[in-house]
Amino acid sequence: MARKAMILKALKTPKYSTRLVRRCKICGRSRGYMRKFDMCRICFRKLASEGKLPGVKKSSW
């Protein structure tokens, strides 16, 4: 879980666009972020396995 201060700092618009830090909307994690779903890999996996993400299903081969 990210610190509250880091989450609030990431919400501000940066002076330069390259300084933008994308964080998970659920837990605030900055690493393992997936832009398409706006969440980190851990939250994505949890929600996908519960069937709460439309159009996502577990692959098997």
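(A) Local environment of the state of the cysteines. Applying the stated rule across the entire model yields 0 disulfides. Here Cys-24 is not disulfide-linked; the sulfur of Cys-27 is the nearest cysteine sulfur, at 3.7 Å. A relative accessible area of 5% places Cys-24 in the buried class. In this model Cys-40 remains outside any disulfide bridge; the closest cysteine sulfur is found in Cys-27, 3.6 Å from its own.

(B) Summary view of unusual backbone geometry. Even without being a glycine, Asp-38 presents a positive backbone phi close to 55°. Exposure remark for Asp-38: the relative accessible area of 35% places this residue in the partly exposed category.

What counts, and at which threshold
- Residues numbered from 1 in each chain as written.
- Predicted model: local features only at pLDDT ≥ 70, side-chain atom pairs only at ≥ 80, totals over all residues.
- Heavy atoms only, no water.
- Disulfide = S-S within 2.5 Å.
- Buried < 20%, exposed > 50% of the residue type's maximum accessible area, 1.4 Å probe, protein only.

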